[in-house]
Amino acid sequence: MNRAHLDKLFTVLLAGALAGVALAAAALPAALVFGLGFKNLMPYAELPESLRTPQPAQRSNLYANDGRTLITSFYVEDRVDVPVAEVAPVMRQAIVAAEDVRYYQHHGVDVRGVVRAFTANRREGGPRQGASTLTMQYVRNALAGDPRLTEEQRAKATEITLGRKIREMRYALALERELSKDEILGRYLNIAYFGAGAYGIAAASKRYFSTTPAKLTLAQAALLAGLVRSPDTDDPINGNADAAVGRRAYVLDRMVQTGQLAAADAARAKAEQLQLKPSATPNDCTAVPEAHNDWGFFCDWFAQWWNAQPAFGKSVDERQRTLRRGGWKIVSSLDPDVQRTATEQVLRIYPMDNNRAAPTAVVQPGTGRVLAMAVNRNYSVAANPGGQQNYPNTVNQLVAGGGGIDGYQAGSTFKLFTMLAALESGLPLNTEFDAPSVYVTRYPVDGGPASCGGHWCPANANPLWMDGEHTMWSAFGRSVNTYFAWLTERVGADRVVEMAERLGIVFRSPDDAELARDGAKNWGAFTLGVSATTPLDLANAYATVAAEGVWCRPTPVTSITDATGRRVAAGNTDCRQVLDTDVARAAADAARCPVGDQSMYRRCDGGTAEQLAPGLRRPLAGKTGSSERNETETVVAFTPQLAVATIAANPDNPRDAVGGGVQTRQIAAVGNLLAYTLRDQPVQDFVPPSQAVAYQRTSPRTGN
């Protein structure tokens, strides 16, 4: 048997002693030793996946759309892997000096270290010594932290048994056959725990010194290297700073002893004050920067979005584990400048101390990317006054809905869906109807102010201005209720409901969902926006018209890359044509009327927000809406490049009517937001619809 094989055998024998088995090498029966078999004493031929393709938990970072501005992070262990080449040489030297001075001489198991530890541990009263090499420590950490293993398997990686120690040695020997010393050192530095919640050298550099591994000084490196032995008790932030300084001195002395450092340099490093510059890594949406608390609602919606993506797991719990362990770089769609402006404008509608809210969403047509989500609330779990669930603090999704938030009635903005259904059925924009003050429909109702003999009979809000002969242009511009009640009868209420769903309106209220499923044919009032919706759903529906019928699933992300830098498909946009292009162009043409713009066919004749377009000085379309008793007020506006929706409501008391006066402030806020966001973008006009869709009745228009 050659020397290498003897070394391996000797290592295994002495490992038993280190594991607490009081047997000297000579005491083991020869039959036992040789009964193990020579092959079994060799390193394992196959490394487990935990060591071949390690997946230590890494934090995921959520950035703004510039890819640099951090919104927040998500993690169970604050760790970001860095290549060993990006770690300062002095840090590499310090960790070797602290943990394994013979690292570059052994092959994974240090026989000399085993003998030394075995001898020292046999003495009475002396300090206990370990014999784990840096490679063996890495093996233990990698197995103990692999999320692919069961809890029982991970526990076995750290149990104090002879079998575990032998297995650890074999893996270490096998690992060093496959990887270079520097590769193993890099893995070790990335997986080691340095205390204060910092896993890996990148997190530790930031946590203690607000720097990167490449910029660590000698004194900083020696301090961090010294923490690995007892990261909890020696942690200078939360533990024992004197102990940390003592360990720093020990590491510096070891570096001198091993010839890596001159004694004078070590002395200077020892004399340095413990100049900590701690910085904590934010974790989750409630930890967004304090100065940007308004980002929290967008972050919260991102978390909702992630939880709904099957690409990241079969369940919400699995998807959350994937997020918090996967080391993702997520570049979001949030534009900090647009978000800041949106928040400023929302606060002009209602200040933070008003219990009424103005949730607002900004969407990019053609991509579905959400640039901003703003509301006059603190994103916080802090307590609220009695009876107030969402004022002034909330983490509920007031802008996008979900999590118990059904939404708000958006009034006449839903007339868009009736107009689209009519255009798609073959009716032209020039469809005329002499709209009366009150129109009795065939839709049954159970009573109420809009009931005439058991049938739904809506009235115009301003008969002097709304009654009379109208086309879709003028009826949409002046928001003529009776015209759209009549138009709903012409095309069928169920087709109007289906159109809204096609454009992304989600029925979060159980009552609305039931009506949409089982009673859509008789849901005539749907055209007046009696169903709850959200600013995000509404903005995205209008963005579909702006994009000439291309609907995109609303998304909070621009790109997602995994820990290896590979871009994943879940971050791509999800768009498809849901309307005939000419139908969408026709709807956009009519939607220019409410906001004071003029249609391509010069058919606009008055609007409910006529002051909006002149101030913007670019082609604009949109709609306003008021629910019954002005309980909510809504403004939507869009250009080919941008769509904005804002709804004024009281989320804690839907019967608290906000009143019509707030709509003036909403119109101003939407105009200012559009002007700022589009300030550097070229003026882009809407494409005019064909004369056929404008003036001719045809068969159903479903060209694409």
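Trainee: I'd like a description of the state of the cysteines, backed by residues and values.
Mentor: If you walk through the whole model with that rule in mind, you get four disulfides. Between the sulfur of Cys-452 and that of Cys-457 lies a disulfide, 2.0 Å long from S to S. Handedness here is read from the sign of the S-S torsion; for Cys-452 and Cys-457, about 80°, the answer is right-handed. Residue Cys-452 is classed as partly exposed on the basis of its relative accessible area of 30%. The class of Cys-457 is buried, set by a relative accessible area of 5%. With a sulfur-sulfur separation of 2.1 Å, Cys-552 is cross-linked through a disulfide to Cys-575. Across the disulfide from Cys-552 to Cys-575, rotation about the S-S bond amounts to roughly 110°, and the bridge is consequently right-handed.

Trainee: Go over the nonpolar core, please, and point to the residues and values.
Mentor: Ranked by size, the top nonpolar core spans 107 residues in total, and within it Phe-417, Met-419, Tyr-483 and Phe-638 carry the most contacts. Among residues more than four places away in sequence, those in contact with Phe-638 are Tyr-542, Val-545, Ala-546, Ala-588, Ala-591, Leu-620, Ala-621, Gly-622, Ala-643 and Phe-686. Within the second largest apolar cluster, 60 residues are counted, among which are Tyr-188, Leu-189, Ala-192 and Val-228.

Trainee: Can you lay out the confidence of the model for the chain for me, pointing to particular residues and giving the numbers?
Mentor: Taken residue by residue, the chain gives an average pLDDT of 90. The fraction at 70 or more is 91%. Per-residue pLDDT stays below 50 along residues 1–45; that stretch engages in 61 contacts with residues further than four places along the chain or on separate chains.

Trainee: Break down empty space enclosed by the protein for me, with residues and values.
Mentor: Applying the stated rule across the entire model yields three cavities of 30 Å³ or more. Each pocket or cavity is described by its volume, and for the largest cavity that value is around 50 Å³. Taken together, Ala-342, Gln-345, Val-346, Ile-349, Thr-360, Val-644, Thr-646, Ala-669, Val-670 and Leu-673 form the lining of the largest cavity. Mapped onto the lining of the largest cavity, the elements with two or more residues apiece are α16 (336–349), β19 (642–648) and α26 (662–677). Considering every element that reaches the lining of the largest cavity, the biggest residue donor is α16, with four residues.

Trainee: Mind laying out the environment of Lys-156, listing which residues take part and the relevant values?
Mentor: Along the chain, Lys-156 falls in helix α7 (residues 151–156). Classification of Lys-156 as partly exposed rests on a relative accessible area of 39%. For Lys-156 and Leu-143, which are 13 residues apart along the polypeptide, the C-alpha to C-alpha distance reads 8.6 Å. Residues contacting Lys-156, with those up to four places away along its chain left out, are Arg-164 and Arg-167.

Trainee: Account for the packing of helix α17 (residues 415–425) against helix α21 (residues 493–502), with residues named and values stated.
Mentor: Interhelical geometry of α17 versus α21 gives an angle of 105° and a closest axis separation of 8 Å. Comparing the axis directions of α17 and α21 gives the class roughly perpendicular. Residues Phe-417, Thr-418, Leu-420, Ala-421, Glu-424 and Ser-425 of α17 form the contact with α21, whose own contacting residues are Arg-495, Val-496, Met-499, Ala-500 and Arg-502. When its residues are assigned to classes, the contact of α17 with α21 shows six nonpolar, two polar and three charged.

Trainee: So what's going on with the packing of aromatic side chains? Which residues, and what values?
Mentor: Under the counting rule described, the total for this entry stands at 27 aromatic pairs. Here Phe-74 and Phe-302 contribute two aromatic rings whose centre-to-centre distance is 5.8 Å and whose plane-to-plane angle is 40°, an arrangement assigned as tilted. Of this pair, Phe-74 sits in strand β2 (residues 70–74) while Phe-302 sits in helix α14 (residues 295–307), and the two are 228 residues apart along the sequence. A relative accessible area of 0% means that Phe-74 is categorised as buried. Of the residues examined, Phe-302 reaches a relative accessible area of 0% and is grouped as buried. Three or more aromatic residues link up through ring pairs in this structure, and these residues are Phe-74, Phe-302, Trp-305, Trp-306, Phe-312 and Trp-328. Above the face of the Tyr-676 ring, Arg-679 is positioned so that its terminal group lies 3.9 Å from the ring centre.

What counts as what
- Residues numbered from 1 in each chain as written.
- Predicted model: local features only at pLDDT ≥ 70, side-chain atom pairs only at ≥ 80, totals over all residues.
- Heavy atoms only, no water.
- Disulfide = S-S within 2.5 Å.
- Buried < 20%, exposed > 50% of the residue type's maximum accessible area, 1.4 Å probe, protein only.
- Core = buried A, V, L, I, M, F, W, Y, C linked by side-chain atoms within 4.5 Å.
- Contact = heavy atoms within 4.5 Å.
- pLDDT = per-residue confidence, 0-100.
- 1 Å grid on protein atoms, 1.4 Å probe; cavity = no way out; pocket = protein on both sides within 12 Å on 5 of 7 lines; lining within 4 Å.
- Points joined across faces, edges and corners; volume = space filled by probe spheres on them.
- Helix = DSSP H or I, 4+ residues; strand = E, 2+ residues; numbered from the N terminus.
- Axes fitted to C-alpha atoms, helices over the stretch in contact; angles between N-to-C directions.
- Parallel < 35°, antiparallel > 145°, perpendicular 65-115°, else oblique.
- Nonpolar A, V, L, I, M, F, W, Y, C, P; charged D, E, K, R; others polar.
- Phe/Tyr/Trp six-rings, centres within 6.5 Å; stacked < 30°, edge-to-face > 60°.
- Lys NZ or Arg CZ within 6 Å of the ring centre and 35° of its normal.

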